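This is what each chain is made of:
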Amino acid sequence: MQVLQPPGWARPRGYSNGIAASGRMVFVSGMIGWDAECQFQTDDFAGQVRQALQNVLAVLKEAGGGPEHIARMTWYVVDKHEYVGAYPQIGAIYRELIGKHYPAMTAVEVAGLLEPRARVEIEVTAVVPA
């Protein structure tokens, strides 16, 4: 993967402006903070982020991929203030599970998610070497 950083642009924190990659495309649908049995273990925002990222990684592993293959992430959050307030915990969880790999990333505040207890939904596009 090649991080795309236009000359003169400030380096973003926690994500990349763009990624170029070649290989097998893997699309992971939106993952929420419930476990493999579709049960929520917490209503805590950071706790749901942890579970959603673990779910993303479990699906990605099925394609032979890992966190280093993630090219793009989209986060849907129901409360941007809750998201921003949890930055320190989210950052620690992200580095624990994903490491220091920062793909292109977008976060969007939404009116709600289909699962009423869900606080966050994360979808991923990955490129696994062929």
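Reading guide: rules and limits
Residues numbered from 1 in each chain as written. Predicted model: local features only at pLDDT ≥ 70, side-chain atom pairs only at ≥ 80, totals over all residues. Heavy atoms only, no water. Helix = DSSP H or I, 4+ residues; strand = E, 2+ residues; numbered from the N terminus. Rg over C-alpha atoms; globule rule 2.2 N^0.38 Å. Buried < 20%, exposed > 50% of the residue type's maximum accessible area, 1.4 Å probe, protein only. Pairing = 2+ DSSP bridges. Axes fitted to C-alpha atoms, helices over the stretch in contact; angles between N-to-C directions. Parallel < 35°, antiparallel > 145°, perpendicular 65-115°, else oblique. Left-handed = near helix turned anticlockwise from the far one by under 90°. Contact = heavy atoms within 4.5 Å. Phe/Tyr/Trp six-rings, centres within 6.5 Å; stacked < 30°, edge-to-face > 60°. 1 Å grid on protein atoms, 1.4 Å probe; cavity = no way out; pocket = protein on both sides within 12 Å on 5 of 7 lines; lining within 4 Å. Points joined across faces, edges and corners; volume = space filled by probe spheres on them. Nonpolar A, V, L, I, M, F, W, Y, C, P; charged D, E, K, R; others polar. Salt bridge = Lys/Arg side-chain N within 4 Å of Asp/Glu carboxyl O.

Colleague: What is the right way to read the overall build of the protein chain from this model?
Modeller: Across its full length, the protein chain holds 3 helices and 6 strands. When its helices and strands are written in sequence order, the protein chain yields β-β-β-α-β-α-α-β-β. Whereas a compact globule of 130 residues would reach a radius of gyration of roughly 14 Å, the protein chain reaches 15 Å, a difference of no more than 12%. By principal-axis analysis of the C-alpha atoms, the protein chain measures approximately 40 × 35 × 25 Å. In the protein chain, which comprises 130 residues, the share counted as buried stands at 42%.

Colleague: Quick question: what am I supposed to make of unusual backbone geometry here?
Modeller: As a rule of thumb, non-glycine residues mostly have phi less than zero, and peptide bonds are mostly trans rather than cis. Unusually for a residue other than glycine, C38 sits at a positive phi of about 60°. Its place among the elements puts C38 in the loop between β3 (24–32) and α1 (45–62). Judged by its relative accessible area of 42%, C38 is partly exposed.

Colleague: In this structure, what is going on with the pairing of strand β4 (residues 70–77)? I would like to understand it.
Modeller: Along β4, 6 of the 8 residues are buried, which leaves the element largely enclosed by surrounding structure. Relative to strand β5 (residues 104–109), β4 runs parallel, the two being bridged by 6 bridges. Across the sheet, residue T74 finds its bridge partner in β5, namely T106.

Colleague: How do you make sense of the packing of α1 against helix α3 (residues 87–97) when you look at a structure like this?
Modeller: The relative placement of two packed helices is expressed as an angle between their axes plus a distance between the axes. Running from N to C, α1 and α3 point in directions that differ by 20°, and their axes come no closer than 9 Å. It follows that α1 is roughly parallel to α3 by the angle criterion. In this structure, α1 meets α3 at a crossing whose hand is right-handed. Residues F45, A46, V49, R50, L53, Q54 and L57 of α1 touch α3, and the partners they reach there are Q89, I90, I93, Y94, E96 and L97.

Colleague: Looking at this structure, how should I read the packing of aromatic side chains?
Modeller: Aromatic ring pairs are reported here in terms of the distance separating the ring centres and the angle at which the planes meet. Counting across every chain of the model gives 5 aromatic pairs. For the ring pair Y94 and Y102, a centre distance of 5.7 Å and an interplane angle of 10° mean the geometry is stacked. The class of Y94 is buried, set by a relative accessible area of 6%. By the ring-pair criterion, three or more aromatic residues cluster together here, those being F45, W75, Y83 and Y87.

Colleague: Please clarify how the layout of surface pockets should be interpreted in this entry.
Modeller: Rolled over the atoms, a probe as big as a water molecule pinpoints where empty space is left. Computed from the structure, the largest pocket encloses a volume of approximately 480 Å³. What lines the largest pocket is a set of 14 residues, and nearest its centre among them are R13, G14, Y15, Y83 and Y87. Broken down by secondary-structure element, the contributors of at least two residues to the lining of the largest pocket are α3 and β5. A total of 5 residues in the lining of the largest pocket trace back to one element, the largest contributor, which is α3. The residue inventory of the lining of the largest pocket, partitioned by class, reads 9 nonpolar, 3 polar and 2 charged.

Colleague: What should I look at first to understand the pattern of salt bridges in this one?
Modeller: Working definition: two side chains of opposite charge can pair if their charged atoms are close together. Enumeration over the complete set of coordinates arrives at 3 salt bridges. One salt bridge in this structure joins E96 and R50, with 3.0 Å as the shortest N-O distance. With E96 in helix α3 and R50 in helix α1, this pair connects stretches of sequence that are 46 residues apart. Residue class for E96 comes out exposed when judged on its relative accessible area of 53%. Under the relative-accessibility criterion, R50 is labelled partly exposed at 26%. For E82, the salt bridge identified is with R119, shortest N-O distance 2.8 Å.

Functional significance is not addressed by these values, which are geometric in nature.
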